[in-house]
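# Descriptive structure summary
So the chains spell out like this:
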Amino acid sequence: MPGPFAGFKWLALINDWSVFAEGFVQTILLSALGLTLALGLGIFFGLLGTSHVKLFKLLNRVYVEFIQNTPLVIQIFFLYHGLPHLGIMLPVFVVGVLGVGVYHGAYIAEVIRAGVESVPRGQLEAAYSQGFSYWGAMIHIVLPQAKRISYPPLTNQAVNLIKNTSVLAMVAGGELMYHADSWSSNNLYYGPSYVVTGLLYLSLCFPLASFAKRMERKLEVSS
Amino acid sequence: MIKVQGVNKFFGPLHVLKDINLNVDSGEKVVVIGPSGSGKSTLIRCMNLLETPSTGQIVVDGVDITAPKAPITKVRESVAMVFQQFNLYPHKTVLENLTLAPTLIKKISRDEASESGLAFLERVGLREKADAYPAQLSGGQQQRVAIARALNMRPTVMLFDEPTSALDPEMIQEVLDVMVDLAKEGITMVVVTHEMGFAKQVADQVIFMDGGTILEKGSPEHFFTNPEHDRTKLFLSRILR
């Protein structure tokens, strides 16, 4: 009996490379749009969390706690299987963008909130004492400093988001993991399929993670 | 220039300012002294509304800043503050620290703000540090930059909230020298400090606070030679060794 990594299985994979390429491109698109959504939601809800208005704080907490404390798979299932019962049919690509976007938006909201709160109160006071308004102080003084602190954890979120797009495979998401799965469940060549897929995710995530490491070291030096 | 009338301030159940009345004339140098927790920092922070008085009225340059909808950001443009922790903007260079608010808030041209900024840096002896970042400076240098930053707003009033309390002893003098030099001008100064030498040298009026009230006010001569209150005497005897 041939082993899981027999040569002919690799040849079959190379023959069908376009299947993996298609999934890879879908994963990149999904990640890019998902990350854009996550950043938008994260910055908005993160700033709500730093507000002194109780209602804003509450909105931040509800979003963050609800999303962070339920599995991404269930959120995706809700979007894919649940919403149609309410008459909302979303294309699976949109389900993917919404799913990972909303999910990681909650984590990014916490990153942003922590970043803003890590800027000493004296910075806001100095800005106020010079005649800045709240928003002027935020834009020119507080957020630029919060940004520097937030970059490394934000990059980690981007890495996690890319990996988590693989959850879409469970609803035939058309991305890399789905294609790898469906290709290999036809011919049972799981070994090469998953190794190559893993390497493709690595090729996206590792540069990002190293970038985060570099940023972190740079921050240590400058502070 | 500054009129404080019947000001009370509560932090929750804590009554930190109790019926404070105080007048600071234009050009006057007022030094506020007193033990920790006496409310002196809270009082000076009320003068630019970093703290909002619970009751009472504060009028700065004819504007009641305690009124609802008072134009407080406008008033703050001419009431500069120097903080205990310097609070320079760490992501900006020294010169940018000086020009940021004048260009963004007072809409002064960048060239003009830089030119006057460099002149003020020269005055505090740090012109060569214009392109450095705050983290590259010593505490004393940072505080001198903070004073230059305040000056570049061309304020009519300068508030100093314990400007030397966070400094190493050997750096205190360089900051005090700058402040003494500044006091020779017509600018109105309110200084919360533990530096009695500074109070003696520049104050027109010394205010002694304890337990949220002004216990005693008077000229430095009265104050350091002939204080009325036992509490003042006790404080001075402990601090002037």
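Everything quoted here is computed from the prediction, not taken from an experiment. (Residues numbered from 1 in each chain as written. Chains lettered and ligands numbered in written order. Predicted model: local features only at pLDDT ≥ 70, side-chain atom pairs only at ≥ 80, totals over all residues. Heavy atoms only, no water.)

## Examining the overall build of chain B
The criterion, for reference: Strands here mean DSSP runs of E at least two residues long; helices mean DSSP runs of H or I at least four residues long; both are numbered from the N terminus. Every radius of gyration here is taken over C-alpha atoms, with the globule rule written as 2.2 Å times N^0.38, N being the number of residues. Should any heavy atoms of two residues lie within 4.5 Å, those residues are considered in contact. Positive charge is attributed to Lys and Arg, negative charge to Asp and Glu, and no charge count is given to His or to the chain ends. Charge positions come from single atoms, namely NZ of Lys, CZ of Arg, CG of Asp or CD of Glu.
Helix and strand counts for chain B come out as 9 helices and 10 strands. Here the C-alpha radius of gyration of chain B, 18 Å, is about what a compact globule of 241 residues would show, namely 18 Å. Counted over contacts in chain B with a minimum sequence separation of 6, partners at least 24 positions apart contribute 66%. Side-chain charges in chain B split into 26 positive and 29 negative, and the spacing between the mean points of these groups amounts to 4 Å.

## A few points about the pairing of strand E6 (residues 79–82) of chain B
All names here are of chain B. Which entries qualify depends on this criterion: Burial classes: relative accessible area under 20% of the type maximum marks a residue as buried, over 50% as exposed, and values in between as partly exposed (1.4 Å probe, protein chains only). At least two DSSP bridges between two strands are required for those strands to pair.
Of the two faces of E6, the one carrying Val79 and Met81 and the one carrying Ala80 and Val82 are both buried. Strand direction decides the pairing type here: E6 and strand E7 (residues 157–161), joined by 4 bridges, are parallel. Bridge pairing in E7 links Ala80 to Met158.

## A look at the pattern of salt bridges
Rules: Any Lys or Arg side-chain nitrogen located within 4 Å of an Asp or Glu carboxyl oxygen qualifies as a salt bridge.
For the structure shown, the criterion picks out 16 salt bridges over all chains. Of the charged contacts, one joins B:Glu162 and B:Lys40 as a salt bridge, the two residues approaching to 3.7 Å between their closest N and O atoms. Highlighted residues: B:Glu162 in the loop between E7 and helix H6 (169–183) and B:Lys40 in helix H1 (residues 40–46), separated in sequence by 122 residues. Residue B:Glu162 is classed as buried on the basis of its relative accessible area, which comes to 11%. Owing to a relative accessible area of 3%, B:Lys40 belongs among the buried residues under this scheme. Here the salt bridges do not stand alone but share partners, grouping A:Arg61, A:Glu65, A:Glu110, A:Arg113 and A:Glu117 into one network.

## Points about the UniProt feature "domain: ABC transporter" (unreviewed entry) in chain B
Our working definition: UniProt positions are given in the numbering used here, feature names are shortened, and annotations may be inferred rather than shown by experiment.
Within this numbering scheme, the UniProt entry marks residues 2–236 of chain B as carrying the feature "domain: ABC transporter" (unreviewed entry). In this annotation, residues 2–236 of chain B is assigned 37% helix and 26% strand; the end-to-end C-alpha distance for the span is 27 Å.

## So, the UniProt feature "domain: ABC transmembrane type-1" (unreviewed entry) in chain A
Mapped onto this structure's residue numbering, the UniProt feature "domain: ABC transmembrane type-1" (unreviewed entry) falls at residues 24–212 of chain A. The span residues 24–212 of chain A is 82% helical and 0% strand by assignment, and the distance between its end C-alpha atoms comes to 23 Å.

## Some remarks on the side chain of B:Glu51
Residue and element names in this part refer to chain B. For clarity, the cut-off: Here a polar contact means two N or O atoms within 3.5 Å. Within protein one must be a hydrogen donor candidate and the other an acceptor candidate, and residues neighboring in sequence count only if both atoms are side-chain atoms.
Note on placement: Glu51 falls in the loop between H1 and strand E4 (55–60). Here the side chain of Glu51 touches Arg45 through a polar contact of 3.0 Å, side chain to side chain. Not counting residues within four places of it along the chain, the set of residues in contact with Glu51 comprises Lys9, Phe11, Thr42, Arg45 and Cys46.

## Quick notes on the sheet that holds E4(B)
Residue and element names in this part refer to chain B. Within the open sheet, the 4 strands sit side by side as E2-E1-E4-E5. Their pairing is antiparallel. Since the sheet does not close on itself, it has two edges, and those belong to strand E2 (14–24) and strand E5 (63–64), each with one partner. Sheet topology places strand E1 (residues 2–11) next to E2; 7 bridges connect them, and they run antiparallel. Residue pairing in the sheet places Lys3 in a bridge with Asn23 of E2.

## Looking at the interface of chain B and chain A
Selection criterion: Buried area: the sum, over both parts, of the accessible surface (1.4 Å probe) that disappears when the two are put together. Lys, Arg, Asp and Glu make up the charged group, whereas Ala, Val, Leu, Ile, Met, Phe, Trp, Tyr, Cys and Pro make up the nonpolar group; the residues left over, Gly among them, are polar.
Chain B puts 21 residues into the contact, and the matching count from chain A is 16 residues. A buried area of about 1600 Å², summed over both sides, lies between chain B and chain A, and 58% of it is on carbon and sulfur atoms. Taken as a group, B:Arg76, B:Tyr89 and B:His91 account for 32% of the area that chain B buries against chain A, more than any other trio of residues on that side. Linking chain B with chain A are 1 salt bridge. B:Arg45 is the salt-bridge partner of A:Glu125, the closest N and O atoms lying 2.7 Å from each other. Counting only elements with at least two residues in the side of chain B that touches chain A, the list comes to helix H2 (72–77), E6 and helix H3 (94–104) of chain B. For the side of chain B that touches chain A, the residue count by class is 12 nonpolar, 4 polar and 5 charged.

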